[in-house]
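Examining the three-dimensional arrangement
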Amino acid sequence: MDLDEVADELYAVAPEDFIAERTARQDAAKAEGDKALAKLIGALPKPSAAAWAANLLVREQRSEIEALVELGSLLREAQESLAGDELKALNKQRAQLLAALTRQASALARQHGRPISSSVAAQVEETLRAAMTEPEAGEALLLGRLTSPMSYSGMGTLTGRPDLRLVQPAKPEKAPTPAPASRTPKKSATEDRESAAARREREREEARRAAEEKHRRELARAQAAAEAAATAAKEAQEAADEQRREAEELAARHDELQQRVEELADQLSEAEREAADAAVSLKRAQRRSTAAEREAAEAAEARDRAEAAVAHLVEQGPG
């Protein structure tokens, strides 16, 4: 006897039958002399109605649940990059898928003779949402051994505001104390006699050199600005190309996810139709069986009466 095998079988039975079945398996383990296993079996908790319905859904529709968990993984990868309208559309489709699977779980519970209430169905839907949102919850659901429903508060990553800090400006340095001006020596007689023409020539030369220096500085600044603009334009174009590629990839992923959701929704709708047809056929078969049993009983009564009449006539004899 293996604990995993026992657990799989126990969590497949209805909650009201769980305790009796667990006791029987525990006694069987004790009879085999495996006290450790018996203790582990006795520690297995009884599942709630919602957990049982979720486990039943996994057992009966495992491929749909595996697809649900896989789709949840794809949505987690894509949700942070999708635009608001696209993400809203995906969330709507996800809600439709969860509702369809919840209806399927309710239908399976009815087919097993144990219908669930609307509150229990809501817990099943929360469990499915958690499995779609959280990887660990998805793994737990696929085991088919839930003992209680699961829930998840939200989907996505919350991005907080950056921690802004006030940077105090540096204190300005004290301006150096100007050195005392030295006395200007008196002009010599030669400087005083400098001709006006020479002075004007020197001033023109100084003005020309100043203009050339200014031109060189302006040209250097213009060249630096042009190079910076070219670099910025190149980087902006590269960023635009990258954003376009990301947008194209996200559009393709969005189409893929939407197609997957539609396929799953179609599969669930078909399964619901088949389940409804099976329920109708079952009711018809039950009615036919009841009618046949009634006719058989009436025929048996008629037979008994006929045999009794024959026996009576035989007993009386002729005349």
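A brief structural summary. Note that this is a predicted model, so its numbers are computed, not measured. (Residues numbered from 1 in each chain as written. Predicted model: local features only at pLDDT ≥ 70, side-chain atom pairs only at ≥ 80, totals over all residues. Heavy atoms only, no water.)

On to the overall build of the protein. The number of helices and strands found in the protein is ten helices and zero strands. Of all 319 residues assigned to the protein, the portion counted as buried reaches 24%. Restricting to contacts in the protein with at least 6 residues of sequence separation, those with at least 24 account for 75%. When the accessible surface of the protein is summed, it comes to about 22400 Å², and 53% of that surface belongs to carbon and sulfur atoms. (Helix = DSSP H or I, 4+ residues; strand = E, 2+ residues; numbered from the N terminus. Buried < 20%, exposed > 50% of the residue type's maximum accessible area, 1.4 Å probe, protein only. Contact = heavy atoms within 4.5 Å. Areas by Shrake-Rupley, 256 points an atom, 1.4 Å probe, with all protein chains shown as cover.)

So, about the nonpolar core. Counting 38 residues, the largest nonpolar core has Ile65, Leu97, Leu128 and Leu141 as the members making the most contacts within it. Mapped onto this core, the elements with two or more residues apiece are helix 4 (49-60), helix 5 (62-78), helix 6 (84-111), helix 7 (118-133), helix 8 (135-143) and helix 10 (196-316). Look past the residues within four positions of Leu141 in its chain and what remains in contact with it is Ala54, Val58, Ile65, Thr127, Leu128, Ala131, Leu146 and Met150. In terms of nonpolar packing, the next biggest core, distinct from the first, is built from ten residues, Val6, Leu37, Ile41 and Leu44 among them. (Core = buried A, V, L, I, M, F, W, Y, C linked by side-chain atoms within 4.5 Å.)

What follows concerns a positive patch on the surface. A surface patch of like charges, here positive, comprises Lys283, Arg284, Arg287 and Arg288. Mapped onto the elements of the fold, Arg284 is located in helix 10. (Patch = residues over 30% accessible without salt bridge, like charges linked within 9 Å, V, L, I, M, F, W, Y side chains within 5 Å. Salt bridge = Lys/Arg side-chain N within 4 Å of Asp/Glu carboxyl O. Lys, Arg positive; Asp, Glu negative; His and termini not counted. Charge placed at Lys NZ, Arg CZ, Asp CG, Glu CD.)

Scanning all chains against the criterion turns up one aromatic pair. Taking the centre distance of 5.3 Å and the plane angle of 35° together, the rings of Tyr11 and Phe18 count as tilted. The same class applies to Tyr11 and to Phe18, which are both buried. (Phe/Tyr/Trp six-rings, centres within 6.5 Å; stacked < 30°, edge-to-face > 60°.)

Right, let's get into the environment of Leu143. Structurally, Leu143 can be placed in helix 8. Considered as a pair, Leu143 and Asn55 are 88 residues apart in the sequence and their alpha carbons are 8.1 Å apart.

Before going further, it helps to spend a moment on the pattern of salt bridges. One pass over the structure, following the stated rule, counts 16 salt bridges. With a shortest N-O distance of 3.2 Å, Arg25 and Glu21 are connected by a salt bridge. Residue Arg25 and its partner Glu21 are located together in helix 2 (residues 15-31), separated by four residues, close to a single helical turn. Given a relative accessible area of 28%, Glu21 falls into the partly exposed group. Of the charged contacts in the structure, one is a salt bridge between Arg204 and Glu201, with a shortest N-O distance of 2.6 Å. Taken together, the residues Arg204 and Glu201, both in helix 10 and three residues apart, mark about one turn of the helix. Given the relative accessible area of 43%, Glu201 is considered partly exposed. Three or more residues are tied together by salt bridges with common partners; here these are Asp4, Asp8 and Arg145.

To continue, consider helix 1 (residues 3-10). Count 3.6 residues to each turn of an α-helix, and residues three or four apart come out pointing the same way. What helix 1 keeps buried is the set Val6, Ala7 and Leu10. Buried residues in helix 1, looked at end-on, bunch into an arc of 100°, giving them a common side. Looking at the packing, one finds that the buried side of helix 1 touches helix 2 and helix 3 (35-42). Between the side-chain oxygen of the N-cap and the backbone nitrogen of Asp4 there are 3.0 Å, and the N-cap of helix 1 in question is Asp2. (Arc of directions from axis to C-beta. Polar contact = N/O pair within 3.5 Å; in protein donor to acceptor, adjacent residues only side chain to side chain.)

Below, the discussion takes up the packing of helix 4 against helix 7. Helix 7 packs onto helix 4 with a crossing angle of 55° between their chain directions and a minimal axis gap of 9 Å. With respect to their mutual orientation, helix 4 and helix 7 come out oblique. The element helix 4 and its partner helix 7 pack so that their crossing is right-handed. Note on element contacts: helix 7 touches helix 4 through Val120, Gln123, Val124, Thr127 and Leu128, opposite Ala49, Ala50, Ala53, Ala54 and Leu57. For the contact of helix 4 with helix 7, the per-class residue count stands at eight nonpolar, two polar and no charged. (Axes fitted to C-alpha atoms, helices over the stretch in contact; angles between N-to-C directions. Parallel < 35°, antiparallel > 145°, perpendicular 65-115°, else oblique. Left-handed = near helix turned anticlockwise from the far one by under 90°. Nonpolar A, V, L, I, M, F, W, Y, C, P; charged D, E, K, R; others polar.)

For any two helices packed against each other, the geometry is given by the interaxial angle and the distance between the axes. As a packed pair, helix 4 and helix 6 sit with axes 9 Å apart at the nearest point and diverge in direction by 95°. Considering their axes alone, helix 4 and helix 6 lie roughly perpendicular with respect to each other. Along the contact surface, helix 4 presents Trp52, Ala53, Leu56, Leu57 and Glu60, while helix 6 presents Leu101, Gln104, Ala105, Leu108 and Ala109. Among the residues making up the contact of helix 4 with helix 6, the classes are represented as eight nonpolar, one polar and one charged.

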